[in-house]
Amino acid sequence: MTAVDEKARRRERLVGLSTSATGTRVPRAVERAINPLRRLALREKLVGWLAPIGLTLLAFGLRLVGLGNPDRFAFDETYYAKDAWSLLNNGYIQTYLTDVDGNAKNEINDDILAGHAHDVWTGDPSLAVHPDVGKWLIALGEKAFGMDPFGWRIASAVAGALMVLVMCRLVRRMTGSTVLGCIAGLLLMLDGLHFVLSRLALLDIFLALFLLCAVACLVADRDWHRARLARKAVHGQLTGWGPRILFRPWLLAAGVCFGLAIGTKWTALYPLAAFGVLCWIWSAGARRSLGIRWPIAKGAVADGVPAFLHLVVVGALVYIATWGGWLVHANEYEEHLSATQYRQYTGHGHCADDDDSYVATDLDKSKKWPTADEKDAHGLGEAWQSLRSLWYYHQDVYTFHTHFLNCSDHFYESKPSSWLLINRPVGVAVTNDIAPSEPGCDAPANSDCIKQVLLIPTPVLWWGGVLALLFSVVMWIGARDWRYGVAVVGALSTWLPWLLYDDRPIFLFYAIAILPFTVIALTLSIGTLIGPSRLPSARRTTGVIVGGAFVILTLVNFAWFWPIWTNQMLTHSEWLDRVWFSRWV
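My aim in this report is to walk through the structure given alongside it, one point at a time. All of these numbers come straight from a predicted model, not from anything done at the bench.

**With respect to the pattern of salt bridges**
- Here the structure, examined in full by the defined rule, presents eleven salt bridges.
- A salt bridge links Arg173 to Asp223; its shortest N-O distance comes to 2.9 Å. With Arg173 in helix H7 (residues 149-175) and Asp223 in helix H10 (residues 204-234), this pair connects stretches of sequence that are 50 residues apart.
- Judged by relative accessible area, Arg173 falls into the partly exposed class, the value being 24%.

Next comes the structure, spelled out in structure tokens:
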């Protein structure tokens with residue numbers, strides 16, 4: 001075969017011969033691979049940014065309203081806000097004194113709220129059971145605004161608002177519609193679980209942000225990679241393995257985001273694995289669309305190896321870097337925490353008789369970190385010694401999570417199998433029995449008022465989301481629509497792993513990581529109902545009515561639950577009007 005014949009054969013493989021039922025030519029794979037958003041007019045591009053930014057500012061403003069209320073440590077803020085303060089002041093997490101103001105009746109939390117926020121540490125390292133990224137972000141707020149409720153919550157408000165922006169842009173990229181992108185951002189903004197976590201110094205809102213950013217980068221990489229393959233295909237690089245692209249900037253960004261997510265909570269490992277596989281499938285599909293034979297096997301090498309380096313290796317390096325403060329002070333951990341019960345645990349123990357703790361028995365008192373008895377090294381040797389100590393620390397924390405919580409229970413614990421149905425919300429702060437004589441209490445003389453912050457999703461959104469996720473499975477498998485795969489893989493990878501740990505106390509608000517994918521499923525479903533055509537039709541009218549009605553119902557539901565998300569004064573009967581089921585109490 002001559003060179004001219006070979007070029008002609010390549011051109012034939014790139015010629016699109018298919019037409020639709022109406023006679024419209026179906027674009028070639030190369031044409032479909034080019035990101036349509038890049039061909040938008042300047043006005044459309046501006047609207048595509050200004051509308052999401054406006055929605056983001058609105059979300060941020062809502063989350064700032066009464067951010068310092070309640071004026072106390074709410075739920076697990078007592079751990080994370082104080083850990084963040086220690087990181088900020090000491091570079092690593094230290095344990096706290098029990099009293100600093102000389103009044104033994106006041107606990108350390110009361111002393112901190114009263115302004116005694118310095119010299120409150122023992123000097124000994126604390127065995128923190130979650131990584132430090134989220135705590136460092138909380139510390140930024142404390143640095144800017146001080147060690148008070150507003151200071152330790154402001155970072156969460158920023159993270160929650162940024163999620164709205166990322167969601168708008170992600171769905172806009174997936175659908176090509178700024179309207180659908182803003183609907184997705186609006187639904188996320190109107191969810192109660194997201195709203196309350198954006199107003200608390202807990203770690204889960206940061207986990208959800210980094211996971212959403214990682215997925216947004218993966219979707220951007222899908223467009224970028226397919227477009228790059230298509231351009232190379234035009235120049236005849238379709239022989240053998242096809243085009244090879246070693247550096248993928250969006251995939252690198254996704255690896256950084258996954259590293260930060262895992263550096264917030266280890267549960268981000270599951271979506272990293274799931275989306276890593278999905279990324280490989282996308283790459284294989286791109287090669288198949290260009291006519292490359294054996295795309296799955298060839299994609300595993302040509303695309304899988306670079307993807308592993310970008311996602312896993314880069315993510316691991318970022319994760320290790322997030323432990324910088326720990327590594328610098330590794331000698332403190334080697335001295336004080338190298339021989340805890342978690343290191344000496346032999347697999348034997350029982351539940352305590354008088355509380356819900358786990359009592360380890362037959363401890364091996366001789367076990368400790370090998371680095372604890374080693375002579376301090378210098379240079380690269382010191383770095384390696386510190387990294388080994390960090391590994392032993394991780395082993396001890398893993399032992400704590402997998403064994404020492406088995407006997408614990410909690411009033412607000414819930415089973416993950418029914419999270420999507422909102423089985424058991426979490427009360428993070430409550431003031432009961434407020435007398436009618438108190439300012440703002442309008443209860444009858446024989447009743448009282450209540451103020452509460454309840455970590456509960458917006459029911460309309462979540463119950464509708466269950467249907468949307470089921471529809472997504474059908475559309476992903478039946479219609480082979482890759483966009484629905486993002487929702488399905490994201491929801492399953494952030495939900496199913498919790499079923500392995502339902503014998504220990506876990507809480508509904510962990511489902512915040514599922515929420516972005518539920519919103520994606522809802523928005524894509526609305527888009528499918530409306531249809532792709534902009535011309536008037538019965539389908540488009542029905543889709544707009546159904547989709548608009550759902551958004552309005554979500555908005556009304558959000559407004560109705562506002563008082564129990566923001567610690568507002570309610571009479572007992574008003575509170576009961578919002579607590580629809582006994583299991584929500």
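**Regarding a negative patch on the surface**
- Negative charge collects at one region of the surface, where Asp353, Asp354, Asp355, Asp356 and Asp409 lie side by side.
- Here Asp356 lies in the loop between strand E3 (349-351) and strand E4 (358-360).

**Looking at the packing of helix H18 (residues 459-478) against helix H20 (residues 515-530)**
- For the pair H18 and H20, the least separation of the axes is 8 Å and the interaxial angle reads 70°. When the axes of H18 and H20 are compared, the pair comes out roughly perpendicular. Here the hand of the crossing between H18 and H20 comes out left-handed. Taken together, the residues of H20 that come into contact with H18 (itself represented by Leu461, Trp462, Gly464, Gly465, Ala468, Leu469, Phe471, Ser472 and Met475) are Leu515, Phe517, Thr518, Val519, Ala521, Leu522, Ser525 and Thr528.
- Among the residues forming the contact of H18 with H20, the class breakdown is eleven nonpolar, six polar and no charged.

**Some thoughts on the nonpolar core**
- In terms of nonpolar packing, the biggest core is built from 143 residues, with Phe275, Trp326, Tyr393, Trp419, Leu455, Phe509 and Ile520 touching the most fellow members.
- It is H10 that provides the largest number of residues to this core, a total of 15 residues.
- Core analysis: the second largest hydrophobic core is formed by eight residues, Tyr358, Phe400, Leu405 and Cys407 among them.

**Some points on the state of the cysteines**
- Taken as a whole, this structure holds two disulfides when the rule is applied.
- What pairs with Cys351 in a disulfide is Cys407, and their sulfur atoms sit 2.0 Å apart. Looking along the S-S bond of the Cys351-Cys407 disulfide, the torsion reads about -80°, which is the left-handed sense. In this pair, Cys351 is assigned in strand E3 and Cys407 in the loop between helix H17 (380-403) and strand E5 (426-434), connecting sequence segments 56 residues apart.
- Residue classification places Cys351 among the partly exposed positions, given a relative accessible area of 41%.
- Here the cysteine-cysteine linkages of the protein chain are recorded as 1-2, 3-4, numbering only bonded cysteines and doing so in sequence order.
- This cysteine, Cys217, is not joined by any disulfide, and Cys257 carries the nearest cysteine sulfur, 4.5 Å off.
- In this structure Cys257 comes out as buried when scored by relative accessible area, which is 13%.

**Focus on the packing of aromatic side chains**
- Under the defined criterion, the tally for this structure stands at 39 aromatic pairs.
- A centroid spacing of 5.2 Å and a plane angle of 80° characterise the contact between Phe145 and Phe150, whose relative ring orientation is edge-to-face.
- On the basis of relative accessibility, which here comes to 29%, the residue Phe150 falls in the partly exposed class.
- Cluster of aromatic residues (ring-pair linked, three or more members): Phe195, Trp463, Phe558, Phe561, Trp562, Trp565, Trp580, Phe581 and Trp584.
- Its guanidinium or amino end placed over the ring of Trp282, Arg222 lies 5.8 Å from that ring's centre, counting from NZ or CZ.
- Stacked on the ring of Trp560, the Lys or Arg Arg578 has its end atom at 3.9 Å from the ring centre.

**Observations regarding empty space enclosed by the protein**
- Evaluated as defined, the whole model comprises six cavities of 30 Å³ or more.
- Counted as a void, the largest cavity has a volume near 80 Å³.
- Contributing to the lining of the largest cavity are 13 residues, with Thr267, Ser493, Thr494, Trp498 and Ala513 lying nearest its centre.
- Among the elements of the structure, H10, helix H12 (269-289) and helix H19 (482-495) are those that each provide at least two residues to the lining of the largest cavity.
- Here the lining of the largest cavity gets three residues from one element, more than from any other, and that element is H19.
- Considered class by class, the residues forming the lining of the largest cavity number ten nonpolar, three polar and no charged.
- By volume, the second largest cavity amounts to about 50 Å³.

What counts and how
- Residues numbered from 1 in each chain as written.
- Predicted model: local features only at pLDDT ≥ 70, side-chain atom pairs only at ≥ 80, totals over all residues.
- Heavy atoms only, no water.
- Salt bridge = Lys/Arg side-chain N within 4 Å of Asp/Glu carboxyl O.
- Helix = DSSP H or I, 4+ residues; strand = E, 2+ residues; numbered from the N terminus.
- Buried < 20%, exposed > 50% of the residue type's maximum accessible area, 1.4 Å probe, protein only.
- Patch = residues over 30% accessible without salt bridge, like charges linked within 9 Å, V, L, I, M, F, W, Y side chains within 5 Å.
- Areas by Shrake-Rupley, 256 points an atom, 1.4 Å probe, with all protein chains shown as cover.
- Lys, Arg positive; Asp, Glu negative; His and termini not counted.
- Charge placed at Lys NZ, Arg CZ, Asp CG, Glu CD.
- Axes fitted to C-alpha atoms, helices over the stretch in contact; angles between N-to-C directions.
- Parallel < 35°, antiparallel > 145°, perpendicular 65-115°, else oblique.
- Left-handed = near helix turned anticlockwise from the far one by under 90°.
- Contact = heavy atoms within 4.5 Å.
- Nonpolar A, V, L, I, M, F, W, Y, C, P; charged D, E, K, R; others polar.
- Core = buried A, V, L, I, M, F, W, Y, C linked by side-chain atoms within 4.5 Å.
- Disulfide = S-S within 2.5 Å.
- Phe/Tyr/Trp six-rings, centres within 6.5 Å; stacked < 30°, edge-to-face > 60°.
- Lys NZ or Arg CZ within 6 Å of the ring centre and 35° of its normal.
- 1 Å grid on protein atoms, 1.4 Å probe; cavity = no way out; pocket = protein on both sides within 12 Å on 5 of 7 lines; lining within 4 Å.
- Points joined across faces, edges and corners; volume = space filled by probe spheres on them.

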